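# Notes for the structure review
Residues per chain are reported as follows:
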Amino acid sequence: MLSYTVYSEAGGVGKSSLTANLAVAHARAGLDVLVVPLDPQDGDLSRLFGVDDDRANSDADNIVRHIVRSPKGSLTDLARTAEGVDIVPEHNMLSDLSSHLQREQRKAEDLGDSYNIYAQLQRVLRDANIAEEYDVLICDPPATESDHLYNAIYATRNLVIPVEPSAKGRASVEGLEQLATNFGDQLNIEIGVLAAVPNGFKHTNDQEELIDEIDLPTPEVIGDRTSMMEGCWKQQCSAFEYVREHRARIRDHEVETLAQFDQIARYLENQVGLEAPNPPEPGSLEDDEVIEA
C-alpha cells in the first residue's frame, strides 16, 4: 500500500489542491484510493470535492467519533466517493480533536492503560482493514503542528511536500525535514519524504536557483496555474474534471499540468513497488480538443 501525508508548514502552497489531483491521478490509473482530510477549517479538501454537506451536523458520524471510539457506523460507510476517489469527509468536530484525545488519554491513564494520542488514526485505519481495501491512502492535515498532523504522519509514515519556489518556501522545507526527524525520533518511527513538488513556478532565475537547492526528490515542477486551480475550487472538482467538463477550449499548458499530476502519481507508486493496473497516457482526456495557449 502506498500511504503518504501531503503537508507543508507554509500556508497557501496548494496543499489540498495537490492532494486532490494526486488522488484522482492514482484513481484514474485503476487504483483504489482513500483520502482522509483532517483540516478543521472551511475551504478544505471535502469542500473541494463537494462532500462536506454534513460538516455542521452534530448528529452525523465523522472521523473524530471513530478516533475517540464512539463511531455510529463503519469507516467505509462514512466515506463518500467523488471522481473515483473515496473521501472521509471533514467535520466541525475536528476543531476539538485535541481536547477529545486528551480526555481519552486521561481516561486510559486513570485505568492504568497506556494511550498514544498520535496512534489513534492508525488504529482506526487498521481496524477498518484499510490496507486490504485500498491501494493508496492519502492524508491532508492542516498547515500547523497539531494532533491532526501527528496522527496523519504516524498513520502514513511518508510525506509529500508542496513547495513554494521562494526563499520562504525553502525555509519551510528545511523546517519540515527537521519536524519529520524530530517526530520520528520522539515516537521511534521512521518517516520518509517521498517527494517535494514545487508549484507556482514562473521561470525566474531566483526560483530556478531555489529549486536547484532543494535536497529532496522533485519529480515535477508545476507552473503557475492560479486560474485553473481557482476554477477547480469554484466548480468543486479536480483539475482533471475541471479541464474536461468546464473548459470550452483546452490549452496546452493545462494538459501539461494534468500530465504532471499523472507522472507524480506514477513516481510515488514506484517508490513502494505499486503497479497501477491501467495507467493512462499522462494528461490524456478522451475526445477533448487541445489548442495552443
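In short, a report on the structure. Please read all numbers here as calculations on a predicted model, not as lab measurements. (Residues numbered from 1 in each chain as written. Predicted model: local features only at pLDDT ≥ 70, side-chain atom pairs only at ≥ 80, totals over all residues. Heavy atoms only, no water.)

### Digging into helix 6 (residues 120–127)
Every buried residue belonging to helix 6 is among Gln120, Leu121, Arg123, Val124 and Leu125, and all of these are buried. One or two steps after helix 6, the chain reaches Asn129, where phi turns positive at roughly 55°. (Buried < 20%, exposed > 50% of the residue type's maximum accessible area, 1.4 Å probe, protein only. Helix = DSSP H or I, 4+ residues; strand = E, 2+ residues; numbered from the N terminus.)

### As for the pattern of salt bridges
Inspection of every chain in the model, using the stated rule, returns 11 salt bridges. The partner of Arg126 in a salt bridge is Asp127, with the nearest N and O atoms 3.9 Å apart. With a closest N to O distance of 3.8 Å, Asp224 and Lys202 form a salt bridge. Of this pair, Asp224 sits in the loop between strand 8 (222–223) and helix 11 (226–235) while Lys202 is found in the loop between strand 7 (192–201) and helix 10 (205–213), placing the two residues 22 residues apart along the sequence. We classify Lys202 as exposed; its relative accessible area is 55%. Beyond isolated ion pairs, a larger network of salt bridges with shared partners links Arg123, Arg126 and Asp127. (Salt bridge = Lys/Arg side-chain N within 4 Å of Asp/Glu carboxyl O.)

### Some words on the packing of aromatic side chains
In the structure shown here, the tally under the stated rule is two aromatic pairs. Judged by centre distance (4.9 Å) and plane angle (70°), the rings of Tyr118 and Tyr150 are edge-to-face. Here Tyr118, found in the loop between helix 5 (97–110) and helix 6, pairs with Tyr150, found in helix 8 (residues 147–156); they are 32 residues apart in sequence, far enough to count as distant. Assigned by exposure class, Tyr118 and Tyr150 land together as buried. Taking 6.3 Å as the distance between ring centres and 55° as the angle between the ring planes, the aromatic pair formed by Phe240 and Phe261 counts as tilted. Within this pair, whereas Phe240 is found in helix 12 (residues 239–246), its partner Phe261 is found in helix 13 (residues 252–271), the two being separated by 21 residues in sequence. There is no split in this pair, since Phe240 and Phe261 are both buried. The ring of Tyr154 has Arg157 lying over it, and the distance from NZ or CZ to the ring centre is 4.5 Å. (Phe/Tyr/Trp six-rings, centres within 6.5 Å; stacked < 30°, edge-to-face > 60°. Lys NZ or Arg CZ within 6 Å of the ring centre and 35° of its normal.)

### Notes on the pairing of strand 5 (residues 136–140)
In terms of burial, strand 5 is largely enclosed, as five of its five residues are buried. Side chains Val136, Ile138 and Asp140 project from strand 5 onto one buried face, and the interleaved Leu137 and Cys139 project onto a second face that is buried too. Inspection of the sheet shows strand 1 (residues 2–6) paired to strand 5 by four bridges, in the parallel sense. Its bridge partner lying in strand 5, Thr5 is registered against Cys139. Sheet topology places strand 2 (residues 33–37) next to strand 5; five bridges connect them, and they run parallel. Along strand 5, the bridge assignment pairs Val36 with Cys139. (Pairing = 2+ DSSP bridges.)

### Quick look at helix 8
With 10 of 10 residues buried, helix 8 lies mostly within the body of the structure. Buried within helix 8 we find Asp147, His148, Leu149, Tyr150, Asn151, Ala152, Ile153, Tyr154, Ala155 and Thr156.

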